[in-house]
Every structure is written in structure tokens, then in C-alpha cells.
Amino acid sequence: MAVSSAPGKVYLFGEHAVVYGEPAVPCAIERRARVGVEQRSDNKLRIHAEDLSLDGFTVEYAGGANDRPDIDASESLLNAAMGYIDSAIEQVRDVTDEGDVGFDVTIESDIPLGAGLGSSAAVAVAAIDAGTRELGTTLETDELADRAYRTEHEVQSGQASRADTFCSATGGAVRVEGEDCRSLEAPDLPIVVGFDGGAGDTGKLVAGVRELRDEYGFAADTVDAIGDVVRNGEQALADGDVEELGRLMDFNHGLLSALGVSSRSLDSMVWAARDAGAHGAKLTGAGGGGCIVALDPTDETETALSYTPGCEDAFRAALAETGVERLE
Ligand SMILES: Nc1ncnc2c1ncn2[C@@H]1O[C@H](COP(=O)(O)OP(=O)(O)O)[C@@H](O)[C@H]1O
Ligand SMILES: C[C@@](O)(CCOP(=O)(O)O)CC(=O)O
Ligand SMILES: [Mg+2]
């Protein structure tokens, strides 16, 4: 059996706009998904996912479009639940040229699902890394990130950036613009996360922004403006100017909100953080529900969030210096 882990992330800047070629700066955090993969003697896939919102389940099936697991859940729920892991295993089969190989896969994760902290990318990166190693192939980080990106691209119906998967594979703070992915020097940022207990559907939210962008010139301008915020943010990051970073995060949140991807609970957490004296706050990831990220070196934001109606959990997140980790 091979076991790998990979971290989740927050977006300091640039989600959604990154899908259209603008730069984005995500930052890996110490919340990880661990995936164990063991080769079977038949061609079936057995997936044990403790932390899925289906209350944890075990299924056994051969994988691929024509063989669905026999469990009592709607097709859409099942697709949402299984899509990333299914597609990650296809990448393992493809990269190792072992189309018929079966696996027992076990997933454990401390990253909330669908909440903007990149659980899908972490699961894809860890699964592909463990799966390929189980078959005797160790991928370079760039190829691992690329294979995990293909997983997200497929599951999100062709609409995904390389940001989440590159960040999860390499760790640290990164900058992604189209195919250009690189690591950034980042100061130790005082990151606080607020979680509303909910989730958003990444594919749907991305499609919604695309429709707005196609329909209105000003929505396309809003996407471009996010790119400008990110470029300023990169400079602030290089200068270690946390106050300026915060101001730019506030601006970024306003633009995301204009694109329709915020929600009442995300907005209340953002305002609670600002009122508590955070340098800045914004939603992170696809939006619709899930998490916000704020910068505050004091305890005020975490405390304020823990009393904010609609906030289920608030925690400080350390930067994850290491991306994929090979545990067994
Ligand atoms: N612990 C887990 N076990 C199995 N699959 C997971 C797990 N965590 C995430 N996933 C997969 O990732 C999907 C959520 O990804 P996504 O909607 O992109 O949100 P995010 O990446 O922001 O968490 C889940 O529906 C599931 O397919
Ligand atoms: C909205 C988007 O920019 C980020 C999605 O992040 P998450 O899956 O919500 O963590 C989509 C993408 O970059 O693929
Ligand atoms: Mg995701």
C-alpha cells in the first residue's frame, strides 16, 4: 500500500478570474487529505471515504462511465461525491499504462468538502501520487500537478485552472497564470479561516461566472479587474505589506460578490472579520458557501467569527510549506 497526503489552500487572490487566464495567488494551508492506495488482484475499485457528506461509505465497482456503485444515493450526489477520485484513478491507469488494474482506496481528510479550501485538488493530488507509487512510478511534482489538473478539468466540465492542483502538489504560496505555474516567496501570513458549515458546487459557480462574462461587458471587465488586483497583490506580498494585502483582499471580495459567487453567510463572516479589525477578508475558492479567509495577527477575528451567526468554525491556518507528502 502507498499513502500520500496533500494540503488544502486558501486563495489570497484571483479565484474565478484565473479560469480566464488572469493570474491567481493561492497559498497552501496545514489541513490535509490522506489517500491510501493498494493494488487488488481484480480490476475493481473499492473506495472508502470516511469524510464524505454521504456520512462515509464504502463502494465497490470497476470504475468508468458504465459501472456505477450500487448504493442508495441519487446520481448527481454520487457523481459529486465520486467524480474526483474516479477521475484521479483514471489518471493513474493512464500514466502507468495499466488500464485494467484495480485498487482499494482509502481517503481521510481534514479539509471540509466543497468549502473553497481545495479538498478536490488535495484528494486528486494525493490519490494520483499514491496510486502511481503503488504501481512503482514516482511522478515529478510538475507532472503530478498536471495530472491532478486534468482530473479537475474533467470533473468541472472543462472549466478549471491549474491553481488549486499546483498549489496542493508543491505547497507554499504560488502564482498561476494560464499554464505558467511558479512558487512565490511569502512572509508568514496571519491567516484566519471562517467556515459557514456549507458548500458550493464549483462546476456550477464557474459556469455562472462564465455566463455573466459572456453576457455583459462589465462582467468581463470585472474579471479583468480581479487580474489587476492580483498583480497589485503580488507586489504587496513581495514587500511583506500585510495592510496593503488586506485592502486588496477586501477589493477582491467586492468584485467576486459582483460576479454573484458570494452568499449571505460569507458576507457576514467577511464583515465580522473586518469589524474585528482584520487587515482584510474575502471569500476563498468557488464561493456560494463555505469559507472566508482573513488576515489578522491578533485573536480578535477568530473570536468575532466564533460569535457570528452562520459561522460554524473559525481557525487559524498555518502556511503548509510542503505539498505532497509520501507517508508510506
Ligand atoms: N474526504 C474526501 N473523500 C472523498 N472525496 C472527497 C473528499 N474531499 C473532497 N472530495 C471530492 O471533492 C469534491 C469537492 O470539491 P469542490 O467542489 O471542488 O470543493 P473544494 O475543492 O473547494 O473543497 C467532493 O464532492 C468529492 O468528490
Ligand atoms: C473557482 C476556481 O477558480 C477555484 C475553485 O476552488 P475550490 O474548488 O472551491 O477550492 C476554479 C478553478 O480555478 O478551477
Ligand atoms: Mg475544488
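Residues numbered from 1 in each chain as written. Chains lettered and ligands numbered in written order. Predicted model: local features only at pLDDT ≥ 70, side-chain atom pairs only at ≥ 80, totals over all residues. Heavy atoms only, no water.

As a structural note, the neighbourhood of ligand 2 is formed by 17 residues, with Lys9, His16, Gly118, Ser161 and Ala286 the closest of them. Here glutamine 156 contributes a side-chain N or O atom positioned 3.4 Å from an oxygen atom of ligand 2. Within the side chain of aspartate 164, a nitrogen or oxygen atom sits 3.2 Å from an oxygen atom of ligand 2. Coverage of ligand 2 by the protein amounts to 97% of the 380 Å² it exposes when considered alone. Elements represented by at least two residues in the shell around ligand 2 include exactly β1 (2-13) and α5 (202-215). Mapping the shell around ligand 2 onto the domain boundaries places at least three of its residues in each of domain 1 (2-185) and domain 2 (191-317). (Near = heavy atom within 4 Å. Polar contact = N/O pair within 3.5 Å; in protein donor to acceptor, adjacent residues only side chain to side chain. Areas by Shrake-Rupley, 256 points an atom, 1.4 Å probe, with all protein chains shown as cover. Helix = DSSP H or I, 4+ residues; strand = E, 2+ residues; numbered from the N terminus. Domains from an automatic or database assignment.)

Moving on to the pairing of strand β8 (residues 191-195). Taken across its five residues, β8 has five buried, putting it largely inside the fold. Residues Ile191, Val193 and Phe195 line one face of β8 and the alternating positions Val192 and Gly194 line the opposite face, and both faces are buried. Pairing analysis gives five bridges linking β8 to strand β11 (residues 313-317), with the strands arranged antiparallel. Paired with valine 193 across the strands is phenylalanine 315, a residue of β11. (Buried < 20%, exposed > 50% of the residue type's maximum accessible area, 1.4 Å probe, protein only. Pairing = 2+ DSSP bridges.)

Next up on the list: the UniProt feature "domain: Galactokinase N-terminal" (unreviewed entry) in the protein chain. UniProt's entry tags residues 3-37 with the feature "domain: Galactokinase N-terminal" (unreviewed entry), counted in the numbering of this structure. For the annotated span residues 3-37, helix accounts for 0% and strand for 69% of the residues, and the straight-line distance between the end C-alpha atoms is 6 Å. (UniProt positions renumbered as here; feature names shortened; annotations may be inferred.)

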